[in-house]
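Geometric and topological summary
One-letter residues, chain by chain:
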Number of protein chains: 2
Amino acid sequence: MQEMLTVALDAMGGDNAPDAILKGAVQALEKKPNIKILLVGNETLLREKCAEYTYDKERMEIVHASEVIDCDEAPVSAIRHKKDSSIVVALQLVKDKKADAFVSAGSTGAVLVGAQMIVGRLRGVRRPPLGVFIPTTKGVSLLVDNGANVDARPEHLLQFARLGSVYYKNAMGVSRPRVAIVNIGLEEEKGNALVKAAYPLLKECPDICFTGSIEAREIPHGGADVIVCEGFTGNVILKLYEGVGGALISEIKKGMMSSLRSKLGALLVKPALKETVKRFDASEYGGAPLLGLNGLVVKTHGSATAKEVCNCLLQCLTFKEQRIHEQFEGLYRQKEETSGEA
Amino acid sequence: MQEMLTVALDAMGGDNAPDAILKGAVQALEKKPNIKILLVGNETLLREKCAEYTYDKERMEIVHASEVIDCDEAPVSAIRHKKDSSIVVALQLVKDKKADAFVSAGSTGAVLVGAQMIVGRLRGVRRPPLGVFIPTTKGVSLLVDNGANVDARPEHLLQFARLGSVYYKNAMGVSRPRVAIVNIGLEEEKGNALVKAAYPLLKECPDICFTGSIEAREIPHGGADVIVCEGFTGNVILKLYEGVGGALISEIKKGMMSSLRSKLGALLVKPALKETVKRFDASEYGGAPLLGLNGLVVKTHGSATAKEVCNCLLQCLTFKEQRIHEQFEGLYRQKEETSGEA
């Protein structure tokens, strides 16, 4: 018998909540028999919405939470004061081991703060990073950190690299993922103060296969498997990926409508073009897990669709099946990082 | 009579030197009657190469320089020791007012260091930034700094914004360019320590039209005219622009070759697609001037083609015709930035 995964799902978070969240949950239940969902949010509303779907009632329960944390609320204060919010209630389920994972499309700040305050960090991990898969011409790469730690220190970047390497290895089945640090040139003396200080730490770390610096130009070409940077740069990379892709596609479509000849051609290339665009869309690859906590917390973006919510739930299954959490624990049990203690 | 512009051109810098450099110079002479070029480099070699072209001999002279600074040389030491390198000789021509501008596709480090050591900074300017035009769906935006100052301070970002605003205004003919700071969210409390500290300085500056933060996603859609960030982030943005664009185009081409139907369509859309790709290619928009020096220094990338070299030379003409340098001087004459004195 397959082991069952229980996910606490924030039914109230995100621009499309609760409809897209609920729809994504139902899709995940249909795809996998070993997922159980605790739908956290306003019970009356959710009961009503659930009535619109047919699903295995044994595998989806509603857990009531009367409050919602908005995106414009100060995260620390919101987590402290809204004890009955969907985010706090769901995180408490993970802390109490009533759920294996938490998935939310709600306030990033509240999820990040709440995850660390309620679920807590693994012993030895100072700054859990967000890791997200981005498409490349060769497959996918893991970008870590993509926004959790905007003023990271060199030893944090080392932790991002180690956690990211374990995650990539297991999620992608690559035994020695190539780890690179985002830099403005390839030579070892290049970079800002942070990168220059982090470079030797990465180079000397025996747990990872460090290949040196990567220039942003090479990221979309699959220049490395695990792309390490602090959260500010990571967030810029993730959002620019989306921005340049979207802008270019819209320009190409506009260009194709410029003459009768190209309009005709556009009709013929449309299916192929659609397929390519889909492959290069970062949202196809699930959400961003916060790596290095005492439990799994996955953040997906505010405008997440049902499909993305479903992908996040399936992603949690990979974490459980591949025992990724246990490997994170092992990483810090075998070797307490003294450099990260400050 | 039109005023003549004299440019010292580094004939030895870049992967395609001296051929692409020379070809670009000849193109610029053909396009504009008021450009004069001082071709700086090995005289014997250049004399031989020049013999292959027909051009107005009155407007292109060779200035001998026996040495070349390689890209892997330490910039400060190279500038100090290679006194007869093309970069040092050309910069000296600008310092001595024998040339109005210097254009190079050579070592970025050496050009940046040499420009500040030899040509010098305008009084009041602490850290001259590199400004580069990037294509957007609405036209072009100026990205400043794109790599000169990787560990900038808040007051430096204010200078980037002021210099960039004057440059954009004159080069693009926009009276009040919208200035935004690269950030990971739109709210004022978002950002890393640098951005949080720079934000109020930009907000309070009366010389610029500051519109707040810009997320990287909005940059390709023309969300602001002048995009301000420190050089590390700017360099990542510039290179990722190129990388995502290139990767997506190559995937689209591959996708179009996947079936007979799409192959046929590809033939029809090819001209329109080519036009779009060209419009979205950052190299179409000249090089990156170092803003805030006692003279004009324009850096173009190492793999610059003849066309890009030509564009850089024409760009120098805009600087002269629009009296951009005089306006930079005015900016710092009218108001010495005490915040930039540290």
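Report on the accompanying structure.

Thresholds applied
Residues numbered from 1 in each chain as written. Chains lettered and ligands numbered in written order. Predicted model: local features only at pLDDT ≥ 70, side-chain atom pairs only at ≥ 80, totals over all residues. Heavy atoms only, no water. Pairing = 2+ DSSP bridges. Helix = DSSP H or I, 4+ residues; strand = E, 2+ residues; numbered from the N terminus. Axes fitted to C-alpha atoms, helices over the stretch in contact; angles between N-to-C directions. Contact = heavy atoms within 4.5 Å. Phe/Tyr/Trp six-rings, centres within 6.5 Å; stacked < 30°, edge-to-face > 60°. Buried < 20%, exposed > 50% of the residue type's maximum accessible area, 1.4 Å probe, protein only. Lys NZ or Arg CZ within 6 Å of the ring centre and 35° of its normal. Patch = residues over 30% accessible without salt bridge, like charges linked within 9 Å, V, L, I, M, F, W, Y side chains within 5 Å. Areas by Shrake-Rupley, 256 points an atom, 1.4 Å probe, with all protein chains shown as cover. Salt bridge = Lys/Arg side-chain N within 4 Å of Asp/Glu carboxyl O. Lys, Arg positive; Asp, Glu negative; His and termini not counted. Charge placed at Lys NZ, Arg CZ, Asp CG, Glu CD. Least-squares fit on C-alpha atoms with pLDDT ≥ 70 in both. Core = buried A, V, L, I, M, F, W, Y, C linked by side-chain atoms within 4.5 Å. Buried area = accessible area lost by both parts, 1.4 Å probe. Polar contact = N/O pair within 3.5 Å; in protein donor to acceptor, adjacent residues only side chain to side chain. Right-handed = clockwise from strand over helix to strand, strands pointing away.

1. Things to note about the sheet that holds strand S5 (residues 131-136) of chain A
Strand pairing in a sheet relies on backbone hydrogen bonds. The paired strands run either parallel or antiparallel. All names here are of chain A. Taken in spatial order, the 5 strands line up as S5-S6-S9-S7-S8 in an open sheet, and their pairing is mixed. Single-partner strands in this sheet number two, and they are S5 and strand S8 (209-215). The average angle at which neighbouring strand axes cross in this sheet is 30°, direction not considered. With 6 bridges joining them, S5 and strand S6 (residues 139-144) adopt antiparallel strand pairing. Each residue of the ladder has a partner; that of Ile 134, found in S6, is Ser 141. Where helix H6 (residues 154-172) meets the sheet, it contacts S5, S6, strand S7 (178-183) and strand S9 (226-228), and its direction lies at approximately 150° from that of S6.

2. Some points on the packing of aromatic side chains
Enumeration according to the criterion identifies 10 aromatic pairs over all chains in this entry. Ring geometry for Phe 319 of chain B and Phe 328 of chain B: centres 6.4 Å apart, planes at 65°, overall edge-to-face. Each member of the pair Phe 319 of chain B and Phe 328 of chain B is classed as buried. Among the aromatic residues, ring-to-ring pairing joins Phe 133, Tyr 167, Tyr 168, Phe 319 and Phe 328 of chain A into one connected group. When the ring centre of Tyr 332 of chain B is taken as origin, the NZ or CZ atom of Arg 162 of chain B, which lies over that ring, is 5.1 Å away.

3. A closer look at a positive patch on the surface
A surface patch of positive charge is lined by Lys 253, Lys 270, Lys 274 and Lys 278 of chain A. Here Lys 274 of chain A shows up in helix H9 (residues 260-279).

4. A word on the sheet that holds strand S10 (residues 288-289) of chain B
All names here are of chain B. Pairing in this open sheet of 6 strands is mixed, and the strands run S3-S2-S1-S4-S11-S10 from one edge to the other. Two strands in the sheet have a free side with no partner beyond their single neighbour: strand S3 (60-64) and S10. Sheet topology places S10 next to strand S11 (residues 296-299); 2 bridges connect them, and they run antiparallel. Bridge assignment links Pro 289 to a residue of S11, and that residue is Val 298. Of the strands in this sheet, strand S2 (35-41) and S3 are in contact with helix H2 (residues 43-50), which crosses S3 at around 160°.

5. Notes on a negative patch on the surface
On the surface, Glu 187 and Glu 189 of chain A together with Asp 70 and Asp 72 of chain B cluster together into a negatively charged patch. Overall, Glu 187 of chain A belongs to the partly exposed group, its relative accessible area being 33%.

6. Section: the relation of the copies chain B and chain A
The operation relating the two chain copies consists of a rotation about an axis and a shift along that axis. When chain B is fitted onto chain A, the two copies agree to an RMSD of 0.0 Å after a turn of 180° and an axial shift of 0.0 Å. The superposition operator between the copies reduces to a two-fold rotation axis. Scanning chain B for the C-alpha nearest the rotation axis identifies Gly 265 of chain B, at a separation of 2.0 Å. The share of interface residues of chain B whose copies in chain A are also at the interface is 100%, consistent with both copies meeting through the same surface.

7. Considering the nonpolar core
Grouped together as the largest cluster of nonpolar side chains are 242 residues, with contacts concentrated most on Met 60, Ile 219 and Leu 313 of chain A together with Met 60, Ile 219 and Leu 313 of chain B. Excluding residues within four positions of it along the chain, Ile 219 of chain A makes contact with Ile 134, Thr 136, Val 182, Ile 214, Ile 227, Ile 237 and Tyr 241 of chain A together with Leu 240 of chain B.

8. Thoughts on the pattern of salt bridges
Counted by the stated rule, this structure contains 30 salt bridges over all chains. Asp 56 of chain A is paired through a salt bridge with Arg 59 of chain A; the nearest N and O atoms lie 2.9 Å apart. Of the charged contacts, one joins Lys 254 of chain B and Glu 251 of chain B as a salt bridge, the two residues approaching to 2.8 Å between their closest N and O atoms. With Lys 254 of chain B and Glu 251 of chain B both in helix H8 (residues 231-256), this residue pair falls 3 residues apart, about one helical turn. For Lys 254 of chain B, a relative accessible area of 53% puts it in the exposed group. It is possible to trace a salt-bridge network through shared partners that takes in Glu 215 and Arg 217 of chain A together with Lys 239 and Glu 242 of chain B.

9. Quick look at the interface of chain B and chain A
With 53 residues of chain B at the interface, the matching set in chain A holds 53 residues. Summing both sides of the interface, chain B and chain A together bury roughly 4800 Å²; the carbon and sulfur share of this comes to 73%. A salt bridge links Glu 242 of chain B to Arg 217 of chain A; the shortest N-O distance between them is 2.9 Å. Taken together, chain B and chain A are joined by 12 residue pairs in polar contact (both at pLDDT 80 or more). Of all the secondary structure elements, the ones that give two or more residues to the side of chain B that touches chain A are strand S7 (178-183), helix H7 (193-204), H8 and helix H9 (260-279) of chain B. In terms of residues, the side of chain B that touches chain A owes the most to one element, H8 of chain B, which gives 22 residues.

10. Some details on the pairing of S7 of chain B
Residue and element names in this part refer to chain B. Of all 6 residues in S7, 5 are buried, a share of seventy percent or more. Sheet analysis places S7 next to strand S8 (residues 209-215), joined by 6 bridges and oriented parallel. In the strand pairing of S8, Val 179 is matched with Phe 210. In this fold, the crossover linking S7 to S8 by way of H7 has right-handed handedness. Judged from the 3 bridges that link them, S7 and strand S9 (residues 226-228) form a sheet pairing that is parallel. Looking across to S9, one finds that Val 179 is bridged to Val 226.

11. Here we look at the pairing of S2 of chain B
Residues and elements named next belong to chain B. Buried residues dominate S2, accounting for 6 of its 7 residues. Pairing geometry for strand S1 (residues 5-10) and S2, over 6 bridges, is parallel. Across the sheet, the residue bridging to Asp 10 is Val 40, located in S2. The handedness of the S1 to S2 crossover, carried by helix H1 (residues 19-31), is right-handed. Bridging between S2 and S3 involves 5 bridges; their strand directions are parallel. By the bridge assignment for S3, Leu 39 is matched with Ile 62.

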